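A structural walkthrough
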Amino acid sequence: ATPTAVMVATGVGATNGVLIKGGDALEKAHKVKYVIFDKTGTLTQGKATVTTTKVFSEMDRGEFLTLVASAEASSEHPLAKAIVAYARHFHFFDESTEDGETNNKDLQNSGWLLNTSDFSALPGKGIQCLVNEKMILVGNRKLMSENTITIPDHVEKFVEDLEESGKTGVIVAYNGKLVGVMGIADPLKREAAVVVEGLLRMGVQPIMVTGDNWRTARAVAKEVGIKDVRAEVMPAGKADVIRSLQKDGSTVAMVGDGINDSPALAAADVGMAIGAGTDVAIEAADYVLMRNNLEDVITAIDLSRKTLTRIR
Ligand code: ADP
Ligand code: MG
């Protein structure tokens, strides 16, 4: 594209909150064949909410929630934030202060959390730490099996039912035993299905990639109209998915928002960081979609197509 065409397109993009990082980025987007969407925070709203708590031990709900929230308090993961927020509310409503007085300071106060030590985040799996000198594990099946925690059939069935409805089942083990499960939902963005349909009409293939389990992934993909799903992908694996699609010379776009997505955004021919995003993700991207609206994926491809056909 000529410098003038690039300037015009960049201006049109900016008006729509689409930041185009240079002429090269603008040029490549017109021949995109695949658009890979991260699930969490990209196709979904990134507003994970606890919908279900099921305790499979002698603990009561309050104890269980305090335990899990204490363990997750050191994690930045959206699932962790949902769990801590939920437990805080439970605690706040259930055991209000002695004089009945409550205010925002109480809500933010972490005094109700238990002390933990030896915390580690296990990307793609969950977290582990010590509470009262006993190990707590919060995460998915992979985390449980790696720690030789057995999942009884009735618990497995419970988790599968959550997943069938597009929720993520978070499994909790304490002191070597499975103690409970939480179901967490993250609704789709309102425009997600329309954008998928639009891409298909443009001859572009949408693909969903996620670290989440296959059952949840398929349920969400079905809801949004995406046929091609890659699930249980470890954070580093997202870039591998892209590289394999590029092998026959296809141009691949990646839309993502998280820290974990920046290797994939960099590996893609066209990286699109969406929403508030993280600085790392924005750095790795060719486009920044500031409105956090998936329609701008189409705006970006359209803009590139129009700019390039006008020149020819
Ligand atoms: P995504 O691709 O959806 O962003 P991640 O790679 O971040 O997924 O995580 C994959 C899976 O690992 C999650 O669906 C969840 O089962 C588990 N997981 C990761 N971090 C946590 C956490 N802090 N607490 C519980 N589970 C977690
Ligand atoms: Mg992620």
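Residues numbered from 1 in each chain as written. Chains lettered and ligands numbered in written order. Predicted model: local features only at pLDDT ≥ 70, side-chain atom pairs only at ≥ 80, totals over all residues.

The protein is annotated in an unreviewed UniProt entry as HMA domain-containing protein of Arabidopsis arenosa.

**What to know about the overall build of the protein**
Looking only at helices and strands, the protein has 14 helices and 13 strands in total. Its C-alpha radius of gyration of 22 Å places the protein within 12% of the 20 Å reference for a compact globule of 312 residues. Dimensions of the protein, computed from the C-alpha atoms along their principal axes, are close to 70 × 45 × 30 Å. Within the protein, the proportion of its 312 residues that are buried is 43%. By sequence separation, contacts in the protein at least 24 residues apart represent 59% of the contacts at least 6 residues apart. (Helix = DSSP H or I, 4+ residues; strand = E, 2+ residues; numbered from the N terminus. Rg over C-alpha atoms; globule rule 2.2 N^0.38 Å. Buried ≥ 20, exposed ≤ 12 C-beta atoms within 10 Å, placed from the backbone. Contact = placed C-beta atoms within 7 Å.)

**Things to note about the environment of phenylalanine 90**
Mapped onto the fold, phenylalanine 90 is located in helix α5 (residues 78–94). Separated by 25 residues in sequence, phenylalanine 90 and leucine 65 place their C-alpha atoms 8.1 Å apart. If we ignore the near neighbours within four places in the chain, the residues touching phenylalanine 90 are Gly62 and Leu65.

**Some words on the sheet that holds strand β1 (residues 18–20)**
Pairing is mixed in the open sheet, where 7 strands are placed in the order β1-β13-β12-β11-β2-β9-β10. The open sheet has two free edges, formed respectively by β1 and β10 (228–230), since each of these has just one partner strand. For this sheet the average axis-to-axis angle between neighbouring strands, irrespective of direction, equals 20°. Note that strand β2 (residues 32–38) and strand β9 (residues 205–209) share 5 bridges and pair parallel. Within the sheet, the bridge partner assigned to isoleucine 36 lies in β9 and is isoleucine 207. Its contacts with the sheet place helix α11 (residues 237–246) against β2, β9, β10 and β11 (251–256), and it is angled at close to 160° to β11. (Pairing = 2+ DSSP bridges. Axes fitted to C-alpha atoms, helices over the stretch in contact; angles between N-to-C directions.)

**Some words on the domain arrangement of the protein**
What the domain assignment lists for the protein is domain 1 (3–45 + 188–311) and domain 2 (49–185). Relative placement of domain 1 and domain 2: their C-alpha centres are 32 Å apart. Counting residues per element, the ones that place at least two in the side of domain 1 that touches domain 2 are α3 (39–43) and α10 (214–224). In terms of residue count, α10 provides more of the side of domain 1 that touches domain 2 than any other element does, 5 residues in total. A breakdown of the residues in the side of domain 1 that touches domain 2 according to their chemical character gives 4 nonpolar, 6 polar and 3 charged. (Domains from an automatic or database assignment. Nonpolar A, V, L, I, M, F, W, Y, C, P; charged D, E, K, R; others polar.)

**Some remarks on the sheet that holds strand β7 (residues 168–174)**
Strands sit in the order β3-β8-β7-β6-β5-β4 across an open sheet of 6 strands; the sheet is antiparallel. Two strands lie at the open edges of the sheet, namely β3 (49–55) and β4 (116–122), each paired on one side alone. Ignoring which end each strand starts from, the neighbouring axes of this sheet average 15° apart. Pairing of β7 with strand β8 (residues 177–185) involves 7 bridges; the strand directions are antiparallel. Its bridge partner being in β8, alanine 173 is matched across the sheet by leucine 178. Against the sheet, helix α8 (residues 153–164) engages β3, β7 and β8, with an angle of about 10° to β8.

**Focus: the pairing of β11**
Here β11 lies mainly inside the structure; 5 of its 6 residues are buried. One ladder, built from 5 bridges, connects β2 with β11; its direction is parallel. Bridged to tyrosine 34 within β11 is valine 252. Relative to strand β12 (residues 270–274), β11 runs parallel, the two sharing 4 bridges. Residue pairing across strands places glycine 256 opposite alanine 273, the latter belonging to β12.

**Considering helix α4 (residues 61–72)**
For α4, spanning 12 residues, the distance from its first C-alpha to its last is 16 Å, which sits close to the expected 16 Å at 1.5 Å a residue. Of all 12 residues that make up α4, 9 are buried, and the element is covered over most of its length. Within α4, burial applies to Phe64, Leu65, Thr66, Leu67, Val68, Ala69, Ser70, Ala71 and Glu72. (Expected span 1.5 Å × (residues − 1).)

**Quick notes on unusual backbone geometry**
Positive phi, close to 55°, is recorded for aspartate 118, a residue that is not glycine. Locating aspartate 118 in the fold gives a position in strand β4. A positive phi angle is found at asparagine 175, which is not glycine, with a value near 55°. Following the sequence through the fold, asparagine 175 ends up in the loop between β7 and β8.

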